[in-house]
Amino acid sequence: MAQASGASRRALPPTSYLRVFEPLRAFSDADQRLAVATGRVNREALEDDSAAAALARLTRPASDPFPHHHTEIFRRLVTTSWDGAVNTLYCPDQLATRTILASEQLDGSMRPQLLELLVPSAARAANAARVDRQRFTDDLAHLHTRTATWGIPFGWLILVHEDDEVDIVEDGEELLSSRIYTPLNQALDRVRYAAATLAIHAPEMDLLDELAALSEWLQLFDKESVVELDYGRIATLVWPDDSPHDLRLGIESLAESDMTGAAASYRRLSNRWLAVRQLARAN
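Residues numbered from 1 in each chain as written. Predicted model: local features only at pLDDT ≥ 70, side-chain atom pairs only at ≥ 80, totals over all residues. Heavy atoms only, no water.

Enquirer: Please clarify how helix α2 (residues 29–38) should be interpreted in this entry.
Expert: Turning to α2, its buried residues are D31, A35 and T38. Angularly, the buried residues of α2 cover 85 degrees about the axis, an arc narrow enough to put them on a single face. The outward face of α2, more than 90 degrees from its buried face, is lined by the exposed residues D29 and R33. The inward-facing, buried residues of α2 abut β3 (74–80), β4 (86–92) and α7 (133–141). (Buried < 20%, exposed > 50% of the residue type's maximum accessible area, 1.4 Å probe, protein only. Helix = DSSP H or I, 4+ residues; strand = E, 2+ residues; numbered from the N terminus. Arc of directions from axis to C-beta. Contact = heavy atoms within 4.5 Å.)

Enquirer: Even after reading the chapter, I still don't get the environment of R60, so can you show me in this structure?
Expert: If you trace the backbone, R60 turns up in the loop between α3 (43–58) and β3. Judged by its relative accessible area of 26%, R60 falls in the partly exposed class. Separated by 72 residues in the primary sequence, R60 and D132 have C-alpha atoms spaced 23 Å apart. In this view, R60 contacts P65, F66 and H68; residues no more than four positions away in its chain are not counted.

Enquirer: When you look at unusual backbone geometry in this model, what are you seeing that I'm missing?
Expert: A negative phi holds for most residues other than glycine; trans holds for most peptide bonds. Looking along the chain, the bond that leaves W239 and enters P240 is cis, with omega of 0 degrees. Checked against the element boundaries, P240 lands in the loop between α11 (235–238) and α12 (243–255). A positive phi angle, near 50 degrees, is found at Q94, a position not held by glycine. For Q94, the position within the fold is in the loop between β4 and α4 (95–107).

Enquirer: Any chance you could explain the packing of helix α9 (residues 184–201) against α12 here in plain terms?
Expert: When two helices pack together, their arrangement is given by the angle between their axes and by how far apart the axes lie. Where α9 contacts α12, the axes come no closer than 9 Å and their chain directions differ by 45 degrees. On the basis of the axis angle, α9 is oblique to α12. Here the hand of the crossing between α9 and α12 comes out left-handed. Residues Y193, A194, T197, L198 and H201 of α9 touch α12, and the partners they reach there are I251, E252, L254 and A255. Broken down by class, the residue content of the contact of α9 with α12 amounts to six nonpolar, two polar and one charged. (Axes fitted to C-alpha atoms, helices over the stretch in contact; angles between N-to-C directions. Parallel < 35°, antiparallel > 145°, perpendicular 65-115°, else oblique. Left-handed = near helix turned anticlockwise from the far one by under 90°. Nonpolar A, V, L, I, M, F, W, Y, C, P; charged D, E, K, R; others polar.)

Enquirer: What exactly am I supposed to notice about the nonpolar core here?
Expert: Nonpolar side chains in soluble globular proteins generally cluster together in the buried interior. Core analysis: the biggest nonpolar cluster contains 41 residues, and L211, L218, Y231 and W273 have the highest contact counts within it. Listed in part, the seven residues of the second largest apolar core include F66, I100, V131 and F136. (Core = buried A, V, L, I, M, F, W, Y, C linked by side-chain atoms within 4.5 Å.)

Enquirer: Can you walk me through the packing of aromatic side chains in this structure?
Expert: Working definition: an aromatic ring pair is given by the centre-to-centre distance plus the angle between the planes. According to the stated counting rule, one finds three aromatic pairs in the structure shown. An angle of 85 degrees between the planes, with centres 5.4 Å apart, marks the rings of W217 and F221 as edge-to-face. Judged by its relative accessible area of 6%, W217 is buried. Since its relative accessible area comes to 7%, F221 is described here as buried. Seen from their ring centres, Y231 and W239 are 5.1 Å apart, and the 80 degrees between their planes marks the pair as edge-to-face. Accessibility expressed as a relative area gives 25% for W239, which makes it partly exposed. (Phe/Tyr/Trp six-rings, centres within 6.5 Å; stacked < 30°, edge-to-face > 60°.)

Enquirer: Please clarify how the side chain of R19 should be interpreted in this entry.
Expert: Residue position: R19 is located in strand β2 (residues 15–23). A distance of 2.9 Å separates polar atoms of two side chains, one belonging to R19 and the other to D230. Once residues lying within four places of it in the same chain are set aside, the contact partners of R19 are R43, E47, R75, C91, H144, T145, V226, V227, E228 and D230. (Polar contact = N/O pair within 3.5 Å; in protein donor to acceptor, adjacent residues only side chain to side chain.)

Enquirer: Looking at this model, I keep getting lost on the pairing of β2. Mind explaining?
Expert: Residues in a regular strand project their side chains so that they alternate between the two faces of the sheet. Burial runs high along β2: eight of the nine residues are buried. Sheet topology note: the β2/strand β5 (residues 145–149) ladder contains five bridges and is antiparallel. Residue pairing in the sheet places Y17 in a bridge with T147 of β5. Where β2 lies against strand β8 (residues 226–230), five bridges are found, and the strand directions are antiparallel. Directly across from L18, in β8, lies its bridge partner L229. Examined bridge by bridge, β2 and β4 share two bridges and lie antiparallel to one another. Note that in β4 the partner of P23 across the bridge is L89. (Pairing = 2+ DSSP bridges.)

Enquirer: I keep staring at the side chain of D139 and nothing clicks. Help me out?
Expert: Secondary-structure assignment places D139 in helix α7. Overall, D139 belongs to the buried group, its relative accessible area being 7%. There is a polar contact of 3.0 Å between the side chain of D139 and the side chain of T97. For D139, the contacting residues outside a window of four places in its chain are Q94 and T97.

Given below as structure tokens:
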């Protein structure tokens, strides 16, 4: 259980993250040096600094949510294998690339007038001039982090099980995040099994396309990687969370053609996240 100071995190919309941590050998020589250097920073101090920087970008007098003069940072994860070996894995933040992708997603989801207010064209043009195009292309092909605001996609929850390793992050008695870890090969097995089951028993479900995309994405990484599902501040709304368990039972029920059991699992899942969706709409 980790302790942290979460003032800046509380001020941001509740966001969850799906990250892949890879062995050092998966990165270029330059990135390996960066990973070792920045990976020494305490994880919770890094999260606090990242949240504070995001808040500062969002509250600039001149609207400009893009990072300026940003140096890549890496999160570090230390794991112990079944034989007692200690492994150190890294996940690049890739903030510059992720902010561009986020702005492009906004471009297709809101009115042009509102988009111009939140992400002015002048800010986008200035950011395009700052971006290292080769770095952007490389990051885009090998993006380590996915984000979701006001919720967790059900596909992400299929990757983890209730008995996986969990890290609870608190500020005093306040919950800041819950993080679940699973080896990449297990996550791949789970997503492939779920996708195969849905393809046979419920091919009309939108979740099937999401699982196919997740499977393709996970195959980009080193086989000894670890997947982290970081609930972020969403944890305060749902933790302890039985969603991975309900999803697993639902998929198993479908595989056994138990439609009643599958429907019951999905009902529990939907009811649990309904309150979160209502909060998002109210916000």
